[in-house]
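Given next are the chains, with one letter for each unit.
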There are 2 protein chains.
Amino acid sequence: MAEDVFKALADPTRRKILDELAERSGQTLFEICARLSMKHQLGLSRQAVSQHLAVLEASGLVESRREGRYKFHDLNTAPLEHIAERWIRRDQPED
Amino acid sequence: MAEDVFKALADPTRRKILDELAERSGQTLFEICARLSMKHQLGLSRQAVSQHLAVLEASGLVESRREGRYKFHDLNTAPLEHIAERWIRRDQPED
DNA sequence: ACTATAGGCAAGTGTCCACTTGCCTATCAA
DNA sequence: TTGATAGGCAAGTGGACACTTGCCTATAGT
């Protein structure tokens, strides 16, 4: 699980998606696409963003809920809470 | 710089190297190789570990000092301190 | 001097990953 | 129903990356 979190955070586009969801939760795929395009000049295809969201969901950093034909995405910061304490406070190594 | 930190943390072998340096600071390249091989069954070449250390140094997570023919590596946790605060919103602001 | 040790440099390889393209399904409004 | 919108699935491509191999430099011990 921590493995997936590090992998999810590795990509700059995914980190920007987290930024957008932190600023405004409950966005749909199209909203996120529009925001990335306007605010960050990222001309990504819808599928590219969709695949990023899938990675973020697999890591637990993003949760989604479906309502009709809309799918809303929410940020979940729980996996981030103790991500660095592994090296700051000596706990046990994970993977 | 934060970009480099996330990239450095993306690889599981590099995270194990950080684990080893957190447990015992000032190790040389050969010591790290031996520890990865014994404790983690990672049969990596010396160059592979050397390249990982270069990535970690570029991120600031590892600092090195040369003494004669030895090069000692130390963990620097400073770049990890506020890595997640970018998305974690506090309900009670920290004045 | 010779030799072993500690490390670096550079090219090559295989694999993973980000992204695209094309087509498909589901929901809602006219 | 027809058409527009929101999203999903799958194959393909280019580039980045982890790792290897081979050769080279520098330091230290004999």
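To be clear, the structure that these remarks concern was listed above.
Below or above, wherever it landed, is the structure these notes cover. Computed from a prediction, not measured in an experiment: that's the story for all the values here. (Residues numbered from 1 in each chain as written. Chains lettered and ligands numbered in written order. Predicted model: local features only at pLDDT ≥ 70, side-chain atom pairs only at ≥ 80, totals over all residues. Heavy atoms only, no water.)

### Description of the packing of aromatic side chains
Think of a pair of aromatic rings as described by two things: how far the centres are apart, and how the planes are tilted against each other in angle.
Okay, step 1: Under the defined criterion, the tally for this structure stands at 4 aromatic pairs over all chains.
Okay, step 2: On the numbers, 6.0 Å between centres and 50° between planes, the contact of Phe-6 of chain A with Trp-87 of chain A is tilted. Linking Phe-6 of chain A in helix 1 (residues 2-9) with Trp-87 of chain A in helix 5 (residues 85-88), this pair joins segments that are 81 residues apart in sequence.
Okay, step 3: Judged by relative accessible area, which is 3%, Trp-87 of chain A ranks as buried.
Okay, step 4: A ring pair is formed by Tyr-70 of chain B and Phe-72 of chain B, whose centres lie 6.1 Å apart and whose planes are at 20°; its orientation type is stacked.
Okay, step 5: On the basis of relative accessibility, which here comes to 17%, the residue Phe-72 of chain B falls in the buried class. (Phe/Tyr/Trp six-rings, centres within 6.5 Å; stacked < 30°, edge-to-face > 60°. Helix = DSSP H or I, 4+ residues; strand = E, 2+ residues; numbered from the N terminus. Buried < 20%, exposed > 50% of the residue type's maximum accessible area, 1.4 Å probe, protein only.)

### Remarks on the pairing of strand 2 (residues 70-75) of chain B
Along any regular strand, the residues point their side chains to alternate faces of the sheet.
All names here are of chain B.
Okay, step 1: With 6 bridges connecting them, strand 1 (residues 62-67) and strand 2 associate as antiparallel partners. Bridge pairing links Glu-67 to Tyr-70 in strand 2.
Okay, step 2: Where strand 1 folds back onto strand 2 in an antiparallel hairpin, the turn is made up of 2 residues, including Gly-68, whose phi is positive at roughly 60°. (Pairing = 2+ DSSP bridges.)

### Considering unusual backbone geometry
Residues and elements named next belong to chain A.
Okay, step 1: Positioned with a positive phi, Gln-41 is a non-glycine residue whose angle comes to about 55°.
Okay, step 2: When you line up the elements, Gln-41 lands in the loop between helix 3 (29-40) and helix 4 (46-59).
Okay, step 3: The class of Gln-41 is exposed, set by a relative accessible area of 65%.

### Digging into the pattern of salt bridges
All names here are of chain B.
Okay, step 1: One pass over the structure, following the stated rule, counts 20 salt bridges over all chains.
Okay, step 2: With a shortest N-O distance of 3.0 Å, Lys-39 and Glu-23 are connected by a salt bridge. With Lys-39 in helix 3 (residues 29-40) and Glu-23 in helix 2 (residues 12-23), the pair connects residues that are 16 residues apart, well separated along the chain.
Okay, step 3: Taking relative accessible area as the criterion, Lys-39 reaches 40% and is therefore assigned partly exposed.
Okay, step 4: Judged by its relative accessible area of 46%, Glu-23 is partly exposed. (Salt bridge = Lys/Arg side-chain N within 4 Å of Asp/Glu carboxyl O.)

### Here we look at the protein's contact with DNA strand D
Okay, step 1: Around DNA strand D lies a shell of 23 residues, among which Phe-30 of chain A together with Arg-14, Ser-45, Gln-51 and His-52 of chain B are the nearest.
Okay, step 2: In the interface set of DNA strand D, defined as its atoms within 4 Å of the protein, sugar plus phosphate atoms amount to 64%.
Okay, step 3: Between DNA strand D and the protein, one listed contact pairs a phosphate oxygen with a side-chain N or O atom of Lys-7 of chain B at 3.0 Å.
Okay, step 4: Sorting the residues of the surface near DNA strand D by element identifies helix 3, helix 4 and strand 2 (70-75) of chain A together with helix 2 and helix 4 (46-59) of chain B as the ones contributing at least two each.
Okay, step 5: Residues of the surface near DNA strand D, tallied by class, amount to 5 nonpolar, 10 polar and 8 charged. (Near = heavy atom within 4 Å. Polar contact = N/O pair within 3.5 Å; in protein donor to acceptor, adjacent residues only side chain to side chain. Nonpolar A, V, L, I, M, F, W, Y, C, P; charged D, E, K, R; others polar.)

### A look at the protein's contact with DNA strand C
Okay, step 1: Around DNA strand C sit 23 residues, and of these Arg-14, Ser-45, Gln-51 and His-52 of chain A together with Phe-30 of chain B come closest.
Okay, step 2: Here the atoms of DNA strand C within 4 Å of the protein split so that 63% fall in sugar or phosphate, with bases taking the remainder.
Okay, step 3: Gln-47 of chain A is positioned with one of its side-chain polar atoms (N or O) 3.2 Å from a base oxygen of DNA strand C.
Okay, step 4: One nitrogen or oxygen atom from the main chain of Leu-29 of chain B is found 3.3 Å from a phosphate oxygen belonging to DNA strand C.
Okay, step 5: Going through the elements one at a time, helix 2 (12-23) and helix 4 of chain A together with helix 3, helix 4 and strand 2 of chain B are the ones with two or more residues in the surface near DNA strand C.
Okay, step 6: By residue number, the principal contributor to the surface near DNA strand C is helix 4 of chain A, which donates 4 residues.
Okay, step 7: Taken together, the residues of the surface near DNA strand C break down into 5 nonpolar, 10 polar and 8 charged.

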